[in-house]
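Here's the letter readout for the chains.
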Amino acid sequence: METMIKQKIKQVKKGDQAAFEDIVSFYQNKVYHICLRMIGNSYEAEDLAQEAFIRAYTNLHTFDERRKFSTWLYRIATNLSIDRIRKKKPDYHLDAEVKGTDGLDMYSQLAADQALPEEEVESLELQTYIHKEILALPPKYRSVIVLRYLDELALQEIAEVLDIPVGTVKTRVHRGREALRKRLRHV
């Protein structure tokens, strides 16, 4: 698959914009989910994912073809997300908790195919709670926890995405897990 992507990149560098559409189609969900897990808001995640692809397109000439494109692209998305977190002030969003529903948001109101709705709600509440606790971690720990456990990247890939040594990644994963464990100890 990486070979196909590299061919598309060469086509884009030659001026074929349609080839970049194929690249976007291939990576759009993954980039969106990286941003969503970092930011916690679907609308901002969509904006950040779009910005990541725009930056990738405009800076494609700086991409080193000896490296993995996905790592380079995920790094752009992660850096944009971290920048947004640093600039972000507390605000309220449409997918925030709905008043009077004990922690549910509008997404939880959608019909589901599960047999036991109570279990689904409990699971959703637990996931939402854990995600809120992940969002409360400092950005340096949040980024490695998201990339490692939610996006399931290898330690080496995380190191390349964040441009830090693998040893630092291991340390931040450990410290991030410990911080998260402390925050979740009463669950």
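None of the values given here were measured: they were computed from a predicted structure.

## Quick notes on the pattern of salt bridges
Right, on to step 1. Counted according to the given criterion, the structure contains eleven salt bridges.
Right, on to step 2. Where D64 meets R66, a salt bridge forms, and the shortest distance between an N and an O atom there is 3.0 Å.
Right, on to step 3. Look at D64 and you get partly exposed, because its relative accessible area is 29%.
Right, on to step 4. Between E178 and R181 there is a salt bridge; the shortest N-O distance is 2.3 Å. A residue pair is termed a helical-turn pair when its members lie 3 or 4 positions apart in one helix, as E178 and R181 do in helix 8 (residues 166-183) at three residues.
Right, on to step 5. Using a relative accessible area of 29% as the deciding quantity, one classes E178 as partly exposed.
Right, on to step 6. A relative accessible area of 48% means that R181 is categorised as partly exposed.

## A closer look at the packing of aromatic side chains
Right, on to step 1. Inspection of every chain in the model, using the stated rule, returns seven aromatic pairs.
Right, on to step 2. With centroids separated by 4.8 Å and ring planes inclined at 90°, the aromatic side chains of F26 and Y27 adopt a geometry described as edge-to-face.
Right, on to step 3. Each member of the aromatic cluster is reached from another via a ring pair, and the members are F26, Y27, F63, F69, W72 and Y74.

## Describing the packing of helix 3 (residues 42-58) against helix 4 (residues 69-87)
Right, on to step 1. At a closest axis distance of 9 Å, the pairing of helix 3 and helix 4 adopts a crossing angle of 130°. As judged from the angle between their axes, helix 3 and helix 4 are oblique. The handedness of the crossing between helix 3 and helix 4 comes out as right-handed. In this structure, helix 3 contributes E44, L48, E51, A52, F53, R55 and A56 to the contact, and helix 4 contributes W72, L73, I76, A77, L80, S81 and R84.
Right, on to step 2. Classifying every residue of the contact of helix 3 with helix 4 by side-chain character gives nine nonpolar, one polar and four charged.

Conventions and cut-offs
- Residues numbered from 1 in each chain as written.
- Predicted model: local features only at pLDDT ≥ 70, side-chain atom pairs only at ≥ 80, totals over all residues.
- Heavy atoms only, no water.
- Salt bridge = Lys/Arg side-chain N within 4 Å of Asp/Glu carboxyl O.
- Buried < 20%, exposed > 50% of the residue type's maximum accessible area, 1.4 Å probe, protein only.
- Helix = DSSP H or I, 4+ residues; strand = E, 2+ residues; numbered from the N terminus.
- Phe/Tyr/Trp six-rings, centres within 6.5 Å; stacked < 30°, edge-to-face > 60°.
- Axes fitted to C-alpha atoms, helices over the stretch in contact; angles between N-to-C directions.
- Parallel < 35°, antiparallel > 145°, perpendicular 65-115°, else oblique.
- Left-handed = near helix turned anticlockwise from the far one by under 90°.
- Contact = heavy atoms within 4.5 Å.
- Nonpolar A, V, L, I, M, F, W, Y, C, P; charged D, E, K, R; others polar.

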